[in-house]
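Coordinates in review
As a plain string of letters, each chain reads:
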Amino acid sequence: KNQVEQSPQSLIILEGKNCTLQCNYTVSPFSNLRWYKQDTGRGPVSLTIMTFSENTKSNGRYTATLDADTKQSSLHITASQLSDSASYICVVSDRGSTLGRLYFGRGTQLTVWP
Amino acid sequence: EADIYQTPRYLVIGTGKKITLECSQTMGHDKMYWYQQDPGMELHLIHYSYGVNSTEKGDLSSESTVSRIRTEHFPLTLESARPSHTSQYLCASSGSGPSNNEQFFGPGTRLTVL
């Protein structure tokens, strides 16, 4: 069964600190993995995308890693800001369907305190 | 910012009412999707469309229906709303081709059925 598991479920950090969010998946055949940021009451917005051959990708203070062998990914946030408070969702796409089916994790709810 | 719009953003209605949630995109995308998301849970695909006059049911059974008469428009209708339909509904779209499976999300409609 194709699944995406994220940890921790929620995280509270102080402004300026770093944090790392985890994602484990069992989706096969694998196409790509994206991290989305979803602000409260808004739709998800893509932060990074990685294919099978990529093992790291940065977008400003966000750095994602991918280990396709162990089927694990992480999202590292550097020097957190209050605006980073959001849900971070790991999304894995398979290449076994023309739809490009997406499998969503439940997200990690990050709260940044001043 | 993705050019995909949803109206209304918030809707509170009584049981038994018929409602239509609107979704429009100006990116010329062929594929469009409707997801249902409850707090702290993953997104569940309830409907999708490959293009005009194409609609399919998603993974999660839903009593809603959709139509795709125009490329840019993908409305979702509930003939008789019930409290169990209370949820957030997210619309998304994506381009065609294996490398264009990034889905762009609208801001969502928060539906409450009393």
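A brief report on the enclosed structure follows. (Residues numbered from 1 in each chain as written. Chains lettered and ligands numbered in written order. Predicted model: local features only at pLDDT ≥ 70, side-chain atom pairs only at ≥ 80, totals over all residues. Heavy atoms only, no water.)

A count of helices and strands for chain B gives zero helices and 11 strands. Taking 2.2 N^0.38 as the reference for a compact globule, 114 residues should give roughly 13 Å; the C-alpha atoms of chain B span a radius of gyration of 13 Å, in line with that estimate. Each principal axis of the C-alpha atoms in chain B carries an extent, and together these give about 40 × 30 × 25 Å. Put simply, chain B has 114 residues, and 49% of those count as buried. In chain B, 54% of the contacts between residues at least 6 apart in sequence involve partners at least 24 apart. For chain B, the centre of its 9 positive side-chain charges and the centre of its 12 negative side-chain charges are spaced 7 Å apart. (Helix = DSSP H or I, 4+ residues; strand = E, 2+ residues; numbered from the N terminus. Rg over C-alpha atoms; globule rule 2.2 N^0.38 Å. Buried < 20%, exposed > 50% of the residue type's maximum accessible area, 1.4 Å probe, protein only. Contact = heavy atoms within 4.5 Å. Lys, Arg positive; Asp, Glu negative; His and termini not counted. Charge placed at Lys NZ, Arg CZ, Asp CG, Glu CD.)

Within the secondary structure layout, T109 of chain B lies in strand β11 (residues 109-113). One polar contact links the side chain of T109 of chain B to the main-chain carbonyl oxygen of P8 of chain B, over a distance of 2.5 Å. (Polar contact = N/O pair within 3.5 Å; in protein donor to acceptor, adjacent residues only side chain to side chain.)

Next up on the list: the pattern of salt bridges. All names here are of chain B. One pass over the full model with this rule turns up eight salt bridges over all chains. Here R70 ties to E72 by a salt bridge, and the two come within 3.0 Å at their closest N and O atoms. Among the residues examined, R70 registers a relative accessible area of 45% and is labelled partly exposed. Residue E72 is classed as partly exposed on the basis of its relative accessible area, which comes to 33%. (Salt bridge = Lys/Arg side-chain N within 4 Å of Asp/Glu carboxyl O.)

Throughout the structure, instances matching the rule amount to two disulfides over all chains. Here C19 of chain A stays unpaired: no disulfide links it, and the sulfur of C90 of chain A, its closest cysteine neighbor, is 15 Å away. (Disulfide = S-S within 2.5 Å.)

Residue and element names in this part refer to chain B. Sheet architecture is open: four strands sit in the order β1-β3-β8-β7, paired in antiparallel fashion. Where the open sheet ends on each side, the last strands, each with one partner, are β1 (4-7) and β7 (65-66). Where β1 and strand β3 (residues 19-25) come together, four bridges link them in antiparallel fashion. Counted as the bridge partner of I4 is Q25 from β3. (Pairing = 2+ DSSP bridges.)

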